[in-house]
Amino acid sequence: MSKILFTPGPVMMFPETLRSAATQIPYSRTAAFSELVLRAEAALLRLVCAPQGSRAVFLTGSGTAAMETSVISFIDAGASAAVVNGGAFGQRFSDICARHGVPVQEASVDRDPLTDGKALKELRPPVSALFINAHETSVGHVYDLQATARFCLEHDCLHVVDAIGLFVTDRIEMTASKIDVLILSSNKGLALAPGLSMLVLSPKAQTRIVAQPRSYYLDLRGMLSDGARGQTPFTPAIGVILQLAERLSGLLTAGLDRSIEHARGLAGQFRAGIERLPLKLYSRHMPNAMTAVEVTEPGLPARTIVDRLDAEHGLVVAPNGGKLEAKMFRVAHMGNLTTGDVASLVNALTQIFQNGSRSR
Ligand SMILES: *Cc1c(COP(=O)(O)O)cnc(C)c1O
């Protein structure tokens with residue numbers, strides 16, 4: 001039996017994507033491929049409501065490559081960065097900064113949506129950019145980007161938003177949230193193979209790229225200049241770009257709202273379905289993309305539930321790492337999942353809790 005993935009990447013792929021993945025990879029230094037890339041760029045700019053004059057570039061590497069590119073491209077030697085750290089992905093921004101010798105002002109938060117802006121008052125500008133994960137996927141928590149947008153406007157720093165964890169399942173609009181740099185990747189809500197990440201740059205961001213990025217491969221200037229004619233400095237993830245082009249045009253045709261509503265429906269169904277189970281929602285500010293739950297039944301570790309769902313039901317959810325491993329697991333509502341899939345998961349969880357208590 002093939003497994004059903006409820007993991008926040010990779011996710012269940014759509015039939016068109018699977019068909020595309022089974023085809024021969026074409027040579028990419030051609031006019032036809034350039035045209036496809038330019039069309040994908042235009043589609044992406046529309047889907048994220050990028051301001052006029054924005055550009056998107058395609059990187060070969062998972063989302064972390066795009067996170068690192070954003071750090072080394074917008075923080076000059078001697079300048080500082082601000083990071084909202086509410087979990088593993090916020091920590092990753094801090095770690096990337098540390099690796100590159102960038103001093104970090106950290107707003108360390110725990111399930112704070114930031115709406116009142118208090119946590120941001122601890123930051124000590126000037127900083128060149130503020131980095132935030134719109135959805136902190138390690139704990140299923142979303143932030144109020146209007147709060148960070150206000151901070152960035154007030155302190156004239158770039159608003160760099162990693163929206164990897166919620167694009168396609170939740171609304172993300174660059175113009176409305178005053179986002180200067182948007183980070184996306186292929187294997188979350190887009191439901192494509194891993195290996196491709198994207199940066200969308202507002203006109204303002206394009207004027208603030210450092211002259212000498214501290215990486216040869218992740219050089220945004222090269223990506224932008226080759227990208228102007230639909231090409232990339234190095235071999236692109238050709239296969240994933242083909243999948244992306246098809247997916248984006250599908251999203252434009254059907255309307256992004258439909259995908260967002262579908263994810264909202266699955267999330268609502270799952271959250272209602274587990275109400276009577278010994279599971280507690282971890283955050284009060286959840287995206288449609290995912291639900292993180294705490295197990296409240298003593299003696300049944302979260303990790304055991306994760307393992308049994310996989311082994312006994314072929315349903316794959318995501319364990320948490322570190323000190324949350326025994327308490328929490330995560331259920332994504334991304335990609336090609338149906339209400340039937342969610343019902344199977346709720347039933348399986350119900351069974352596991354019934355057996356769990358009977359055996360004691
Ligand atoms: C998945 C994810 C990333 C990218 O992680 P990779 O391991 O490089 O794929 C970055 N940020 C967030 C919020 C994510 O959910």
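Cut-off values and rules
Residues numbered from 1 in each chain as written. Predicted model: local features only at pLDDT ≥ 70, side-chain atom pairs only at ≥ 80, totals over all residues. Heavy atoms only, no water. Helix = DSSP H or I, 4+ residues; strand = E, 2+ residues; numbered from the N terminus. Rg over C-alpha atoms; globule rule 2.2 N^0.38 Å. Contact = heavy atoms within 4.5 Å. Areas by Shrake-Rupley, 256 points an atom, 1.4 Å probe, with all protein chains shown as cover. Lys, Arg positive; Asp, Glu negative; His and termini not counted. Charge placed at Lys NZ, Arg CZ, Asp CG, Glu CD. Near = heavy atom within 4 Å. Polar contact = N/O pair within 3.5 Å; in protein donor to acceptor, adjacent residues only side chain to side chain. Pairing = 2+ DSSP bridges. Axes fitted to C-alpha atoms, helices over the stretch in contact; angles between N-to-C directions. Core = buried A, V, L, I, M, F, W, Y, C linked by side-chain atoms within 4.5 Å. Buried < 20%, exposed > 50% of the residue type's maximum accessible area, 1.4 Å probe, protein only. Phe/Tyr/Trp six-rings, centres within 6.5 Å; stacked < 30°, edge-to-face > 60°.

Let us now look at the overall build of the protein chain. Helix and strand counts for the protein chain stand at eleven helices and 15 strands. Computed over C-alpha atoms, the radius of gyration of the protein chain comes to 21 Å, within 12% of the 21 Å expected from 2.2 N^0.38 for 360 residues, which places it in the range of a compact globule. Along the three orthogonal principal directions, the C-alpha set of the protein chain runs to about 65 × 50 × 30 Å. In the protein chain, of all internal contacts separated by at least 6 residues, the share reaching a separation of at least 24 is 71%. Surface exposure of the protein chain reaches about 15200 Å², of which carbon and sulfur atoms provide 53%. Taken as two groups, the 35 positive and 32 negative side-chain charges of the protein chain have centres that lie 2 Å from each other.

This part is about the site of the ligand. Near the ligand the following residues occur: Ser 62, Gly 63, Thr 64, Met 67, Phe 89, Arg 92, His 135, Thr 137, Asp 162, Ile 164 and Lys 188. Take Ser 62: an N or O atom from its side chain is 2.5 Å from an oxygen atom of the ligand. At a separation of 3.3 Å, an oxygen atom of the ligand approaches a polar side-chain atom of Arg 92. Computed on the free molecule, the ligand has an accessible area of 380 Å², of which 88% lies beneath the protein chains in the complex.

Ordered by their spatial adjacency, seven strands build an open sheet running E2-E10-E9-E8-E5-E3-E4, and the pairing between neighbours is mixed. Across the chains shown, the open sheet's two edge strands, defined by having one partner strand only, are strand E2 (55-60) and strand E4 (104-108). Strand-to-strand twist across the sheet, computed as the mean angle between neighbouring axes with direction ignored, equals 20°. Bridge analysis of E2 against strand E10 (residues 196-201) gives six bridges, and the strand direction is antiparallel. Counterpart to Leu 59 in the pairing with E10 is Ser 197. Helix H2 (residues 31-47) rests against E2, strand E9 (181-185) and E10 of the sheet, and its axis sits at about 120° to E2. Of the strands in this sheet, strand E3 (81-85), E4, strand E5 (129-133), strand E8 (158-162) and E9 are in contact with helix H4 (residues 88-99), which crosses E3 at around 155°.

Now for the nonpolar core. One finds Leu 130, Phe 167, Ile 172, Leu 182 and Val 200 to be the most contacted residues of the largest nonpolar core, which totals 68 residues. Every residue in contact with Phe 167, bar those within four places of it in the chain, is listed here: Leu 44, Leu 47, Val 48, Ile 172, Leu 184, Gly 189, Leu 190 and Leu 256. Listed in part, the 31 residues of the second largest apolar core include Ala 81, Val 181, Ile 209 and Leu 218.

A few words on the packing of aromatic side chains. Scanning the model with the defined rule gives three aromatic pairs in all. Centroid distance Phe 93 to Phe 131: 5.1 Å. Interplanar angle 45°. Geometry classified as tilted. Taken as a pair, Phe 93 in helix H4 and Phe 131 in strand E5 lie far apart in primary sequence, 38 residues in all. Plain terms: the ring middles of Tyr 216 and Phe 234 are 5.7 Å apart, the flat faces sit at 45° to each other, and that makes the pair tilted. Residue Tyr 216 is located in the loop between helix H6 (203-206) and helix H7 (220-227), and its partner Phe 234 is located in the loop between H7 and helix H8 (238-254); the two are separated by 18 residues in the primary sequence. Judged by its relative accessible area of 70%, Tyr 216 falls in the exposed class. The structure contains a cluster of three or more aromatic residues connected by ring pairs, namely Tyr 216, Tyr 217 and Phe 234.

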